[in-house]
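Structural overview for review
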Amino acid sequence: MPAQLQALEPQNSGSAGAVEVLTFELQGEIFVLEATMVREIMDLVAMTPVPGARRFAAAVINFRGRVIPLADLRIIFGMESRPATIESRIVVIEISIDSTPTLVGLLTDRVNEVTTLDLANSTPPPMVGMRYRPDFVRALVHREGQFVILPDLEKIFSATPGSVRSMQPA
Amino acid sequence: MNPSGDPIQVFRAEARDLLERAEAGLLDLLQRPAERPIIDDVFRSLHTLKGSGAMFGFDALAAFTHHCETAFDRVRKGEVAATGDLVSVVLEAKDHMRGLIEGGADEAHGKALIARLEREVEKAAGTSPAQPAQAESGTHGWRVSFKLPHDALLNGCNPLALLAEMRELGPCRVAVSTAEVPVLDALAPQECHLTWTVEIDAECPRSAVEDVFVFIIDDMTLDIAPLGDVPASEALEVAPVDAAPGTPASPPPVATTQPAAEPVAPATVVAAAQTSEKRNTKSDESVRVPAERLDELMDRVGELVIAQSRLSQIAAASPNLDLRAVSEDIERLSNELRNTMMVLRMVPVGALFSRFRRLVHDLSRETGKSIELITDGESTEVDKTVVERLADPLVHLVRNAVDHGLETPDQRLAAGKTEAGRVCLSARQAGGEVVISISDDGRGIDHKRVREKAEAQGLVVPGAALSEADTLQLIFQPGFSTAATVTSLSGRGVGMDVVKRTVEALRGSIDVQTRVGSGSDISLRIPLTLAIIDGLLVRVGTGRYVIPLSAVEECLELSPEEDLRARGRSFLSVRDALVPFLRLRDVFGTGTQPERFQKVVIVSTGAERVGLVVDQIIGDHQTVIKSMSKLHEDIAMFSGATILGDGAVALILDVPQLVAAGQEQEAQLRAAG
């Protein structure tokens, strides 16, 4: 199938081309992340809070015998936290933090699907008019009549503790 | 060994082994300069290094090694004696080779070394001992039995060339035994299963025969006996190799029946049996495995243990007897697997100690003190990481012992001691710990001098009351040094404070014992493995935490009355001593109400005792330590995490850091009013 062949093509500097992505929801907003980053999608497990940790990664979980941090992107994007539902999932991704490959769990309200997204339809985040910090958003992509958010995960996780803490409501 | 790996990396790893082996041999030579097997061994290591260096494109290394090899070839032939000076130059040359392999070698230095090497060879040439090899002339020839390893042909060894070389020594009678050749179906054409017996009628020294096999001698079975010693009845019948009926003469007489070879076989087998034990010890099979694969395996085993404990919980609650039996089997197996896994990471501490022979040799030359190094307990096994991390602190401690501890030969003689100072490195296992101690018979550590120094450096208030043990602890303070002058040996960055920090990071401790005039003894106590600790599992709010058991002194109950009374001051009276305490609920900000009967876990951080108030003590718990991820490693309060039997994660407290964090928090509270 042509669509699949296209999907296998490397993404050219984010300008054109299709990528396979996983779409998930946080507080009604649809986010996407590249499917190649995803290691596993799992049900909620026991979370162990880590006192003193930055707020968006305030817990650890047991992922196949490893202890990995659990991050809550809602805090990064200033959304309010709601109790978990039966649809809540943890998406385990592998990401490079300070050039060390690290497994991180992402809390999501719901995981939708793996789909192909045409990055040609993307626009850089506008500097005004958006609720979220523009530097944590890599692009807004137009898909099926609405915009989905492609977060800049590397920047989010590499950000110094200070800059993330400053996101917290006073 | 690792055909899939990068060949350059494989070469580097092998070269490191060769260099270590050459170094060990050279150091042995210093004590026993005329020992032939050692000389041969060093020569072979150098030769192999040269050969494989050239093969992998390390041309500079090959060229440089060639000079050392040539020098050792002359030692081997008895033309040059292995003097101490010569060996020392070759030792330095060995360091240069390491530089050439790892990068960062200085070419001019290499040239200077070669020049010095040549000078020493010339000097040593005059003092050559009588050639022991020729003492053996008088025999009328040799009977040589040899068998090559199965993969010899694959490794490029040509038995015909060996035979041809022996023919050059004199007239030969050659017989071959095919007794070990498998049946045709099982025979791989590249494998060598033949055993040769050769009788050489020539008055040549034994070493000449050995030289034929010099490059493969380690892996093969070789026996050389003087011809006269062989009883006439066993004298070689040139076996009718190709006489078996119905077998084509060549290629190799695979199907030759055993009777045909029998005349040779008995003699050969007996001869092979007495072949050097030395070679057998070397061929202990071992496999190089990247450490991260071991860690992965360790993770899997950890998961298995957790899954197994869930299974046994289910089985215990079930009336199904079969299920219980299986569960018990799995429990036993997974425990065994875990124990085996732990042992895999253990290495003998001897590898670490052998480095110190070289260090002591160098130190002895630099300081002009003569030093005897005694090592003990090399076979004691410790976690590989421990060995790696202890290397630098031990170097520092040995340096200290030589530089500060040992006196000069004159001073020693004046004090009625032997001229040579003694440094003793020993390792032994004591319970769950390994004790590594460095002792010397030097002048010991003088409390008064330590105190004077500490006062001069402002580390201690003049006139403060200090016990002798407390005074000795001062040497671990940053910035402390008793050496009046900073020599090239001491004071090179790593101080005793770094030693102490490294040992504490390994969850170990240091003891210092010293007697003025008769030496000192520094013992490092290190847990056997870094991967597991014994911990006390406690609950604070809804979270569970592990406190390393080694830090725990006692547990008490904090009654509600005492808790109230302690509101303002956070001090507890334990047997008439005041112990400050921290409420972990506050430190962790759990926001929960305290239990009615809280517990206090008294922990010691060095000299201080601090109470940690927790809600519940769950029990002791053996814990596999997992490190915290990048996102959490900046939180100093926790040294790691562990997975509990129910699959949940518990954090492991770093007690000294936690106490420091608690103090900071309290200071902030006070400031806030």
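Structure: above.
Residues numbered from 1 in each chain as written. Chains lettered and ligands numbered in written order. Predicted model: local features only at pLDDT ≥ 70, side-chain atom pairs only at ≥ 80, totals over all residues.

A short note on the overall build of chain B
Test applied: By the criteria applied, helices consist of DSSP H or I runs no shorter than four residues and strands consist of E runs no shorter than two, each listed in order from the N terminus. Partly exposed residues are those falling between the two cut-offs: more than 12 but fewer than 20 other C-beta atoms within 10 Å of their own, whereas 20 or more means buried and 12 or fewer means exposed, with C-beta atoms placed from the backbone. Each residue is represented by a C-beta atom placed from its backbone, and any two residues with such atoms within 7 Å are regarded as in contact.
Scanning chain B from N- to C-terminus turns up 21 helices and 21 strands. Taken over 673 residues, chain B has a buried fraction of 30%. Within chain B, residue pairs in contact and separated by at least 24 positions form 70% of the contacts whose partners lie at least 6 positions apart.

Concerning helix α12 (residues 321-344) of chain B
To keep it simple, the criterion reads: The span expected for a helix works out to 1.5 Å for each residue beyond the first.
The end-to-end C-alpha distance of α12 of chain B is 35 Å, a good match for the 34 Å that 24 residues give at a rise of 1.5 Å each. Summarising burial for α12 of chain B: one of the 24 residues are buried, a small minority.

Describing the interface of chain B and chain A
Condition: Note on residue categories: nonpolar means Ala, Val, Leu, Ile, Met, Phe, Trp, Tyr, Cys or Pro, charged means Asp, Glu, Lys or Arg, and polar means any other residue, Gly included.
The interface of chain B with chain A comprises 23 residues on the first partner and 23 residues on the second. Taken together, the elements giving at least two residues each to the side of chain B that touches chain A come down to α11 (291-317), β20 (638-643) and β21 (649-653) of chain B. Broken down by element, the side of chain B that touches chain A gets its largest block of residues, five residues, from α11 of chain B. Of the residues that constitute the side of chain B that touches chain A, the class distribution is 11 nonpolar, six polar and six charged.

So, the pairing of strand β1 (residues 18-26) of chain A
All names here are of chain A. Stated formally: Should DSSP find at least two bridges between two strands, the strands are taken to pair.
When β1 meets strand β9 (residues 110-118), the two strands line up antiparallel, connected through eight bridges. Within the sheet, the bridge partner assigned to L22 lies in β9 and is V114. Counted along the chain from β1 to the antiparallel partner strand β2 (residues 29-34), the turn is two residues long, and its residue Q27 has a positive phi close to 55°.

A look at the nonpolar core
Applicable threshold: One nonpolar core equals one set of buried Ala, Val, Leu, Ile, Met, Phe, Trp, Tyr and Cys residues connected by C-beta atoms within 7 Å.
With 76 residues, the main nonpolar core has V32 of chain A together with I547, V601, L612 and L653 of chain B as its most contacted residues. Core analysis: the next-biggest nonpolar cluster, separate from the first, contains 36 residues, L363, V386, L390 and V450 of chain B among them.

Focus on the sheet that holds strand β8 (residues 100-108) of chain A
Residue and element names in this part refer to chain A. Strand order in the open sheet formed by six strands is β3-β7-β8-β6-β5-β4, and the pairing between neighbours is mixed. The open sheet terminates on both sides in strands that have one partner only, identified here as β3 (38-43) and β4 (48-49). Bridging between β3 and strand β7 (residues 89-97) involves five bridges; their strand directions are antiparallel. When the sheet's bridge partners are listed, D43 is paired in β7 with R89.

Regarding the packing of helix α14 (residues 384-405) of chain B against helix α18 (residues 496-505) of chain B
Residue and element names in this part refer to chain B. For clarity, the threshold we go by: Angles shown run from 0 to 180 degrees and are taken between the N-to-C directions of axes, each axis being a line fitted to C-alpha atoms and, for helices, limited to the stretch in contact. Roughly parallel means an angle under 35 degrees; roughly antiparallel, over 145; roughly perpendicular, 65 to 115; everything else is oblique. By definition, any crossing whose near helix is turned counterclockwise from its far helix by less than a right angle is left-handed, and any crossing with a clockwise turn is right-handed.
Contact geometry for α14 and α18: axes closest at 10 Å, N-to-C directions at 150°. Considering the angle they form, α14 stands roughly antiparallel to α18. α14 and α18 meet at a crossing whose hand is left-handed. Packed against α14, whose contacting residues are R389, P393, H396 and L397, the element α18 presents V499, T502 and V503 at the interface. In terms of residue class, the contact of α14 with α18 is made up of four nonpolar, two polar and one charged.

With respect to unusual backbone geometry
Positive phi, normally seen in glycine, also occurs at E144 of chain A, with a value near 45°. As for its placement among the helices and strands, E144 of chain A is situated in the loop between β11 (137-143) and β12 (146-151).

Re the pairing of β11 of chain A
Residues and elements named next belong to chain A. The pairing of strand β10 (residues 122-123) with β11 spans two bridges and is antiparallel. Within the sheet, the bridge partner assigned to S122 lies in β11 and is V141. Pairing analysis gives six bridges linking β11 to β12, with the strands arranged antiparallel. In the sheet register, R143 faces β12, and the bridge partner there is Q146. The turn linking β11 back onto β12 is made up of two residues, and E144 within it adopts a positive phi angle of 45°.

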